[in-house]
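A look at the structure
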Number of protein chains: 2
Amino acid sequence: MKHERPKISDVARIAGVSTATVSRAISSPDRVSVETRAAVQAAIDSTGYRLNHAARNLRRRRTGGIVALVPNLANPFFSQILSGIASVLGPAGYNLLVADTETAGADSLLDYAEPSRADGLIVLDGRLSADALRGRVPLVEACEWVPGLAAPRIRIDNLAAAELAIGHLHDLGHRRIGHVTGPRGNVLTESRLTGTRAALAARHLVLTDDAIYSGDFSIESGQAVADTWLGQPATSRPTALFFASDAMACGFIGEVQHRGLSVPRDVSVVGFDDIELVAHISPPLTTIRQPRTDIGRRAAERLLAKIVGDPVDEDTILPVELVVRASTCRVGRTG
Amino acid sequence: MKHERPKISDVARIAGVSTATVSRAISSPDRVSVETRAAVQAAIDSTGYRLNHAARNLRRRRTGGIVALVPNLANPFFSQILSGIASVLGPAGYNLLVADTETAGADSLLDYAEPSRADGLIVLDGRLSADALRGRVPLVEACEWVPGLAAPRIRIDNLAAAELAIGHLHDLGHRRIGHVTGPRGNVLTESRLTGTRAALAARHLVLTDDAIYSGDFSIESGQAVADTWLGQPATSRPTALFFASDAMACGFIGEVQHRGLSVPRDVSVVGFDDIELVAHISPPLTTIRQPRTDIGRRAAERLLAKIVGDPVDEDTILPVELVVRASTCRVGRTG
DNA sequence: CTGAAAGCGCTTACAG
DNA sequence: CTGAAAGCGCTTACAG
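Nothing here was measured: the structure is a model prediction, and the numbers come from that model.

1. Topic: the overall build of chain A
Helix and strand counts for chain A stand at 12 helices and 12 strands. Relative to a compact globule of 335 residues, whose C-alpha radius of gyration would be 20 Å, chain A shows 26 Å and is clearly more extended. Principal-axis analysis of the C-alpha atoms gives chain A an extent of 90 × 40 × 35 Å. Each of the 335 residues in chain A was classed as buried or not, and the buried ones make up 55%. Across chain A, every contact between residues at least 6 apart in sequence was considered, and the portion connecting residues at least 24 apart equals 69%.

If you want it as structure tokens, here you go:
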């Protein structure tokens, strides 16, 4: 049974029609008579013919693939976004290619922006080069964005998110509020820090340098922040911290608990993302929920629209939500 | 500047050679004289020529893509595996296509096993049909496997993992030990349950029905198990539980803590996977570590070897490791 | 509604 | 070391 794969000409011969007709019977059945269609179908069934996508794509000058450029595939934050993307792309007949901007070389990343490689790009990494991306395949940005690149963006309102977090802590009576940032140079880091500063200013509070802790979104960096914070005088250090990622908040909480302190009694913690597990840790984490699946879905839909030439609005801001759990409480005995 | 993309014939014309020579200069430079190579390179630079992969692939009868079939893309467990796969595939010149077997229809999944779609398949979902997969593109299985499908498998020794977990709990003095399973019908569920039963039997203990809790790997199912367990008499219910996933263990711990009990004082908990966060929750989770990045890497390497026709050993069993943290302790006052 | 023919952009025996 | 030519397997104006 190890025959050559049947091709369209085999089907044509058996059905007694031309290859053009077979092609039409497959791609636009309504342009073919009922009888011919049946004959072609019979020939397809009897030969076990299956379309060669590579050939079709070459001829149609498309690839059938969309590439998602992910900053770090190992980061579970992106799994739900990819899931959202996949749920739109699959039914639309596109393949989802995934590339990790961390393990792929810079040059190979550019290869992905080739029309012979992919029909479109979903950029999830704001550190990529605008110049390298400009003028190539259609693209959209999601979550992060590349400054200077004019492309539709699907993102959340990071300023509003900071306002929610700070407002919540302020309402609980906190006045010494700190912020733990993401990695330097990241667009999210900037906007969340700016938002925090503004939200504090609106309440006549100032974000001093010693209340800004620099992290990099990772658990480990949150752990390190615990160290720094514990080293500061209990009477002047923040009584509440707003973290730019849940992972850092978890690392922080784990470490301060390990050192014998209690959350939220000794320090209130607000995270960012609402990743899956944080509702189930002790204490359950108060955090900013990002609609991750939706971000992925919208990004994919937007890209498909752009590919077929529909006019697309340049920016989509998805709503965030403050989820209050048990890692925050009224400012207490400490301080 | 909106020209047609230059093609190989444009480069050939400018370099004053044939397209065959250009092709060789690109693919096998050493078969071309130094001068010619330089001329071709100059022409490539001046035109901005970039290879069309679709055309090359059609001609070479390959696609340059490898598909990973993931049971649930949204599950962070798979993110590190994908990362491992990507780190091998990229440098080898393959695209990584990702398909979610949950959101993709069964028929579209079969499309992925088409030689015109992908050069190979990495199957991460044991529920797929062996008949549908057999005799198509080269494939390997990782983590899970499809019974009856003869393919190289990269997996861990689930029986040995259960032995490690049960041995640890037994060493701590536990005699009433329960097991929380994965979803019914999953191959991992079966082997971990079997392993648990065997490890208990080796210690003259019996796994009774009321000490088997059925979950589905999810956090929520772990939470539900807490409910069941709390409903059992404290004098006869297990003093220790071995969970088939970390997610379930976390759901369980969160819930019993919420109900005012303490882990490990009231119940010892062993998880499975060692996902990122569990070292940082309270208490840090004792668990079985799976080398997820390595599983992905090895699966990709194995597949590439199979594609080029290297003989591949059918099965690779990767070592697991018991990571003892604070969610387990000597059997105590309770019971 | 259908067919003949050109062509998508490469690669690769074959010959020299 | 290099070129002419065939061909990978489709699709699509064009004509009828």
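Having seen the structure, we can now continue with the description.
2. Side note on the pattern of salt bridges
Residues and elements named next belong to chain A. Inspection of every chain in the model, using the stated rule, returns 34 salt bridges over all chains. Of the charged contacts in the structure, one is a salt bridge between Asp-274 and Arg-289, with a shortest N-O distance of 2.8 Å. With a gap of 15 residues between them, Asp-274 in the loop between β9 (268-273) and β10 (286-289) and Arg-289 in strand β10 connect regions that are remote in the sequence. Residue classification places Arg-289 among the partly exposed positions, given a relative accessible area of 31%.

3. Some points on the protein's contact with DNA strand C
Around DNA strand C lies a shell of 26 residues, among which Thr-21, Arg-24 and Thr-36 of chain A together with Ser-23 and Arg-59 of chain B are the nearest. For DNA strand C, the fraction of atoms within 4 Å of the protein that belong to sugar or phosphate moieties is 65%. Taking Arg-59 of chain A, its side chain carries an N or O atom lying 3.2 Å from a base nitrogen of DNA strand C. Elements that contribute at least two residues to the surface near DNA strand C include exactly α2 (19-27) and α4 (53-60) of chain A together with α2 (19-27) and α4 (53-60) of chain B.

4. A few points about the interface of chain B and chain A
At the junction of the two partners, chain B supplies 47 residues and chain A supplies 47 residues. Interface of chain B and chain A: buried area, both sides summed, is about 4300 Å²; carbon and sulfur atoms make up 56% of it. Considering only the surface of chain B that becomes buried against chain A, Ser-116, Leu-277 and His-280 of chain B emerge as the three largest contributors, covering 14% of it. Remark: the boundary between chain B and chain A carries 4 salt bridges.

5. Notes on the UniProt feature "domain: HTH lacI-type" (unreviewed entry) in chain A
The UniProt record annotates "domain: HTH lacI-type" (unreviewed entry) at residues 6-60 of chain A. In the segment residues 6-60 of chain A, helix accounts for 71% and strand for 0%; the C-alpha atoms at its two ends are 21 Å apart.

6. Points about the sheet that holds strand β9 (residues 268-273) of chain B
Residue and element names in this part refer to chain B. Read across the sheet, 6 strands follow the order β7-β6-β8-β9-β10-β12 without closing on themselves; strand pairing throughout is mixed. With one partner strand each, in any of the chains shown, β7 (212-214) and β12 (321-323) form the two edges of the open sheet. Neighbour to neighbour, the strand axes of the sheet diverge by 20° on average, direction disregarded. As defined by bridge partners, β9 adjoins strand β10 (residues 286-289) across 4 bridges and the pair is classed as parallel. When the sheet's bridge partners are listed, Phe-272 is paired in β10 with Ile-288.

7. Let's talk about the pairing of strand β8 (residues 240-243) of chain B
Residue and element names in this part refer to chain B. Here β8 shows a buried face lined by Ala-240 and Phe-242 and a second buried face lined by Leu-241 and Phe-243. For strand β6 (residues 177-181) and β8, the ladder comprises 4 bridges, and the chain directions are parallel. Bridge pairing in β8 links Ile-177 to Ala-240. Assessed by its sense of winding, the connection that carries the chain from β8 through helix α11 (residues 246-258) to β9 is right-handed.

8. Let's talk about the nonpolar core
Formed by 92 residues in total, the largest nonpolar core has its most connected members in Ile-85 and Ile-122 of chain A together with Ile-85 and Ile-122 of chain B. Among all residues touching Ile-122 of chain A, those that are not within four sequence positions of it are Ile-66, Val-67, Ala-68, Leu-69, Ile-85, Val-140, Ala-142, Ala-299, Ala-300 and Leu-303 of chain A. Phe-243 and Ala-247 of chain A together with Ala-249 and Leu-285 of chain B belong to the second largest nonpolar core, which has 48 residues in total.

9. Topic: the relation of the copies chain B and chain A
Rotating chain B by 180° and translating it 0.1 Å along the rotation axis places it on chain A, where the RMSD comes to 0.2 Å. This pairing of chains is accounted for by a two-fold axis. By residue overlap, the copies meet face to face through one surface: 100% of the interface positions of chain B are interface positions in chain A.

10. Quick notes on the protein's contact with DNA strand D
DNA strand D sits among 26 residues. The nearest are Ser-23 and Arg-59 of chain A together with Thr-21, Arg-24 and Thr-36 of chain B. Within 4 Å of the protein, the atoms of DNA strand D are drawn from sugar and phosphate moieties in a proportion of 64%. The separation between a base nitrogen of DNA strand D and a polar side-chain atom of Arg-24 of chain A is 3.2 Å. Grouping the constituent residues of the surface near DNA strand D by class yields 9 nonpolar, 7 polar and 10 charged.

11. So, the packing of aromatic side chains
Inspection of the entire model under this criterion finds 8 aromatic pairs over all chains. Residues Phe-77 of chain A and Phe-78 of chain A carry aromatic rings whose centres are separated by 5.2 Å and whose planes lie at 85° to one another, so their mutual orientation is edge-to-face.

12. Things to note about the packing of helix α1 (residues 8-15) of chain A against α2 of chain A
Residues and elements named next belong to chain A. The contact between α1 and α2 brings their axes to 8 Å, and the two run at 100°. On the basis of their axis angle, the class for α1 and α2 is roughly perpendicular. Each of Ile-8, Ser-9, Val-11 and Ala-12 in α1 lies in contact with α2, whose residues at this interface are Thr-19, Val-22 and Ser-23. Broken down by class, the residue content of the contact of α1 with α2 amounts to 4 nonpolar, 3 polar and no charged.

13. A word on the sheet that holds strand β6 (residues 177-181) of chain A
All names here are of chain A. Across the sheet, which stays open at both edges, the 6 strands sit in the order β7-β6-β8-β9-β10-β12 with mixed pairing between neighbours. Two strands in the sheet have a free side with no partner beyond their single neighbour: β7 (212-214) and β12 (321-323). For this sheet, the mean angle separating the axes of adjacent strands, direction not counted, is 20°. Together, β6, β8 (240-243), β9 and β10 form the strand contacts of helix α11 (residues 246-258), whose direction differs from that of β9 by roughly 150°.

14. Some details on unusual backbone geometry
Residue and element names in this part refer to chain A. The residue after Ser-282, namely Pro-283, is reached through a cis peptide bond having omega -10°. You can see Pro-283 is positioned in the loop between β9 and β10. Of note in this structure, Arg-61 is not a glycine but carries a positive phi near 55°. Topologically, Arg-61 is positioned in the loop between α4 and β1 (65-70). Accessibility expressed as a relative area gives 67% for Arg-61, which makes it exposed. The phi angle at Cys-143 is positive, at roughly 70°, despite the residue not being glycine. Take Cys-143: it is sitting in the loop between β4 (139-142) and β5 (153-156).

15. Section: the domain arrangement of chain A
When its domains are assigned, chain A resolves into domain 1 (8-51), domain 2 (61-156 + 293-318) and domain 3 (158-292). Computed over C-alpha atoms only, the centres of domain 1 of chain A and domain 3 of chain A are separated by 63 Å.

16. Details of empty space enclosed by the protein
Across all of its chains, the model carries 4 cavities of 30 Å³ or more by this definition. Of the voids in this model, the largest cavity is the one considered here, and its volume is about 50 Å³. As for the largest cavity, its lining consists of Leu-73, Asn-75, Phe-78, Ser-79 and Leu-82 of chain A together with Leu-73, Asn-75, Phe-78, Ser-79 and Leu-82 of chain B. Going through the elements one at a time, α5 (77-89) of chain A together with α5 (77-89) of chain B are the ones with two or more residues in the lining of the largest cavity. Looking at the lining of the largest cavity, its residues break down into 6 nonpolar, 4 polar and no charged. In this structure, the second largest cavity encloses a volume near 40 Å³.

Reading the values: the criteria
Residues numbered from 1 in each chain as written. Chains lettered and ligands numbered in written order. Predicted model: local features only at pLDDT ≥ 70, side-chain atom pairs only at ≥ 80, totals over all residues. Heavy atoms only, no water. Helix = DSSP H or I, 4+ residues; strand = E, 2+ residues; numbered from the N terminus. Rg over C-alpha atoms; globule rule 2.2 N^0.38 Å. Buried < 20%, exposed > 50% of the residue type's maximum accessible area, 1.4 Å probe, protein only. Contact = heavy atoms within 4.5 Å. Salt bridge = Lys/Arg side-chain N within 4 Å of Asp/Glu carboxyl O. Near = heavy atom within 4 Å. Polar contact = N/O pair within 3.5 Å; in protein donor to acceptor, adjacent residues only side chain to side chain. Buried area = accessible area lost by both parts, 1.4 Å probe. UniProt positions renumbered as here; feature names shortened; annotations may be inferred. Pairing = 2+ DSSP bridges. Axes fitted to C-alpha atoms, helices over the stretch in contact; angles between N-to-C directions. Right-handed = clockwise from strand over helix to strand, strands pointing away. Core = buried A, V, L, I, M, F, W, Y, C linked by side-chain atoms within 4.5 Å. Least-squares fit on C-alpha atoms with pLDDT ≥ 70 in both. Nonpolar A, V, L, I, M, F, W, Y, C, P; charged D, E, K, R; others polar. Phe/Tyr/Trp six-rings, centres within 6.5 Å; stacked < 30°, edge-to-face > 60°. Parallel < 35°, antiparallel > 145°, perpendicular 65-115°, else oblique. Domains from an automatic or database assignment. 1 Å grid on protein atoms, 1.4 Å probe; cavity = no way out; pocket = protein on both sides within 12 Å on 5 of 7 lines; lining within 4 Å. Points joined across faces, edges and corners; volume = space filled by probe spheres on them.

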